Structures are given as structure tokens and as C-alpha cells.
Amino acid sequence: MMYPYLTLSDETEIVHSQIIEENGIEKVIVNFERPTENGFDSARCVLPTYHWIVKEGFEEEEIIFFEKLLKANAHLLYKYAEN
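Residues numbered from 1 in each chain as written. Predicted model: local features only at pLDDT ≥ 70, side-chain atom pairs only at ≥ 80, totals over all residues. Heavy atoms only, no water.

1. Notes on the confidence of the model for the protein chain
As a note on interpretation, predicted positions should not be read in detail where pLDDT is low.
Consideration 1: Chain-level statistics for the protein chain give a pLDDT mean of 96 and a share of 100% at 70 or above.
Consideration 2: Per-element averaging of pLDDT across the protein chain places strand β3 (residues 20-22) at the bottom with 94 and strand β2 (residues 13-16) at the top with 98. (pLDDT = per-residue confidence, 0-100. Helix = DSSP H or I, 4+ residues; strand = E, 2+ residues; numbered from the N terminus.)

2. A look at helix α1 (residues 60-82)
Given 3.6 residues per helical turn, the α-helix brings residues three or four places apart onto the same face.
Consideration 1: Approximately 65° is the largest bend angle found in α1, and it occurs at Asn73.
Consideration 2: For α1, the set of buried residues is Glu62, Ile63, Phe66, Leu69, Leu70, Asn73, Ala74, Leu77, Tyr78 and Ala81.
Consideration 3: Here the buried face of α1 lies against β1 (3-7), β2, β4 (25-36), β5 (39-47) and β6 (51-56). (Bend = angle between axes of the 7 residues up to and from the residue. Buried < 20%, exposed > 50% of the residue type's maximum accessible area, 1.4 Å probe, protein only. Contact = heavy atoms within 4.5 Å.)

3. A closer look at the pattern of salt bridges
Consideration 1: Per the stated rule, a full pass over the model turns up 5 salt bridges.
Consideration 2: Here Arg34 makes a salt bridge to Asp10, at a shortest N to O gap of 3.1 Å. Residue Arg34 is located in strand β4, and its partner Asp10 is located in the loop between β1 and β2; the two are separated by 24 residues in the primary sequence.
Consideration 3: With a relative accessible area of 13%, Arg34 lands in the buried category.
Consideration 4: Close ionic contact of Lys71 with Glu67 constitutes a salt bridge, the shortest N to O distance being 3.6 Å. Of this pair, Lys71 and Glu67 are both found in helix α1, 4 residues apart, which corresponds to roughly one turn of the helix.
Consideration 5: Under the relative-accessibility criterion, Lys71 is labelled exposed at 51%.
Consideration 6: Salt bridges sharing common partners tie together Asp10, Arg34, Asp41 and Glu62. (Salt bridge = Lys/Arg side-chain N within 4 Å of Asp/Glu carboxyl O.)

Structure follows, in C-alpha cells:
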């Protein structure tokens, strides 16, 4: 299940998973979605490695912005994912 975190001014919705333990590592999946005329732009990143598993429709500079946002908010995302 994904939980809402933030909505950006361009209507990009940021949601996160609960904490997922895998091989002794606590991970959080963060999804970015923005509505378009034909569906959604979508990006998905796995914390704590900041590995992007989906990048569809967003420009590279947007992905860089999202990664900076994630690095500044990772502690909060883990806190909320834990609850």
C-alpha cells in the first residue's frame, strides 16, 4: 500500500510505501506521478540506495530535482513509513 506524502505545484503526487525489510535492509519505495492528457508521468525510487526503477515521462532535470528532494526528506519518509 502507498501513502500520500506531498503534492507539488505541477500536480505531481508523491507517495511512499511502508518500510519493507529485504536482506536486513529497511527500504522505502517512493513514487512520483503527474497527470497528463494520455495518463501519467511516473517515476519510482527505492531508498536508501536512491535507485530509480521507473522513469517514464519526466525530464532528467526533474529526476535530479526529485532526488534532491528525497535526500532532504529521507528521514521524514522513513519516519512516516514506520507509522
